[in-house]
Structures are given as structure tokens and as C-alpha cells.
Amino acid sequence: MRTQIIKALLWLALLMSGCANSWADTATDDARQSLKNYGLTRCLLEALPDQPSMLREDLASASRAYHFMGKGAHQILQDEETMDILHDPYLDTRDFVLKRYTADGSPMKAGNGNSAFHACLAIYNSTEFDQFIRGQDAYLP
């Protein structure tokens, strides 16, 4: 009887550890996706002309929602005494996409103008951006 109880407890512990690990993986994936989405909204927002529009308002709202006051999961690291920001994953993400956007531009192959949406999607789907986002995992709670 005692052996059966021990086996049941071991089985339950293994089951629960698998669930906890699966939940942690999901939380990390969700946090990465949120940070990537933040980067995409910042890229598109910065590419738009600086004139009031419904699209600009929508992108700004999405950017705020993905930031730390909204759905963002990454933490901003601050010095506890001076409150100076030591690392801001959101600012770094914005800087990353803007540098890439500036470096790569947004020309269309057909030569009929630029496409900010195409350029921002190319950055969003790039291996370099995925690697950058994974590098921000140290700032997850």
C-alpha cells in the first residue's frame, strides 16, 4: 500500500512539473511575441508621416498596450537609489527596429515607391530580430 502511495505521489509530482514547465514556456513565448509586436508597431509608427491620422492613433494605442503599462511582460531595470534606467527592453526594441528600418530602407523592387509596411514586416520576420527578442529574456519576471 505504501509503495502505491509513493508511486502515485511521484507520478503526480512528475505531472505537475511538466505542467509548470509547459506554462513557463507559454509565458515566455507570449512575452516574446508581445515584445515583437511592440517592435512592429513602433516601426510602422515611426515610418508614418508625423501628421494626425486614425492609423497613427491606432498604432500609438497598440504600442502603449504592448509596453510595460499594458500587456508587456518584460521588466525595465532601474537603479533602486537613483531610479536611473539601466536597461529598457522596449526602448532597445524600438531602437533595433528603427536602426534596421533606416539601414534597409523600404524600396519596392518594382520601383514604384516605398513600402514601410513591407520593410517593417521584413524586420519583424528576420532571424536577427528573433535573436534580439530572445536576448531580452533576462528581463522577464
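Scroll up a little and you will see the structure.
Per chain, the residues get numbers from 1 upward, laid out in the order the sequence is written. For this predicted model, a pLDDT threshold of at least 70 governs which residues receive local features, and a threshold of 80 or more governs which side-chain atom pairs are given and counted, while totals over whole chains, interfaces and linings are taken from all residues. Hydrogen atoms and water are omitted, and side-chain values are computed over all heavy atoms in the structure.

### A word on the pattern of salt bridges
Then comes step 1: We count a salt bridge whenever a side-chain nitrogen from Lys or Arg sits within 4 Å of a carboxyl oxygen from Asp or Glu. In the structure shown here, the tally under the stated rule is eight salt bridges.
Then comes step 2: Among the ionic pairs, Arg32 bridges to Asp29, the shortest N-O distance being 3.8 Å. Here Arg32 and its partner Asp29 are both found in helix H1 (residues 2-47), three residues apart, which amounts to about one turn of the helix.
Then comes step 3: Throughout this description, buried means an accessible area under 20% of the type-specific maximum (1.4 Å probe, protein chains only), exposed means over 50%, and partly exposed covers the range between. The partly exposed category is assigned to Asp29, whose relative accessible area is 44%.
Then comes step 4: When the shortest N-O distance is used, the salt bridge between Arg94 and Asp95 registers 3.1 Å.
Then comes step 5: We classify Arg94 as partly exposed; its relative accessible area is 26%.
Then comes step 6: Judged by its relative accessible area of 26%, Asp95 is partly exposed. Counting from the N terminus, the helices are the DSSP runs of H or I reaching at least four residues and the strands are the DSSP runs of E reaching at least two.

### Let's talk about helix H5 (residues 127-134)
Then comes step 1: Residues of H5 that are buried include every one of Phe129, Phe132 and Ile133, and no others. All buried residues of H5 fall inside an arc of 100° around its axis, so they share one side. Seen from the open side of H5, the exposed residues pointing more than 90 degrees away from its buried face are Thr127, Gln131 and Arg134. The directions considered for the arc are those from the helix axis to the C-beta atoms.

### A few points about the packing of aromatic side chains
Then comes step 1: In summary, the pairing rule links any two rings of Phe, Tyr or Trp, Trp by its six-membered ring, whose centres are within 6.5 Å, and it sorts them by plane angle into stacked for under 30 degrees, edge-to-face for over 60 and tilted for everything else. Tallying each qualifying case throughout the model produces four aromatic pairs.
Then comes step 2: Here the aromatic rings of Phe96 and Phe129 are separated by 5.4 Å at their centres, their planes lie at 20°, and the arrangement is stacked. Of this pair, Phe96 sits in helix H3 (residues 89-104) while Phe129 sits in helix H5, and the two are 33 residues apart along the sequence. Comparing Phe96 with Phe129 shows no difference in burial state: the two are buried.
Then comes step 3: A ring pair is formed by Phe96 and Phe132, whose centres lie 4.8 Å apart and whose planes are at 20°; its orientation type is stacked.

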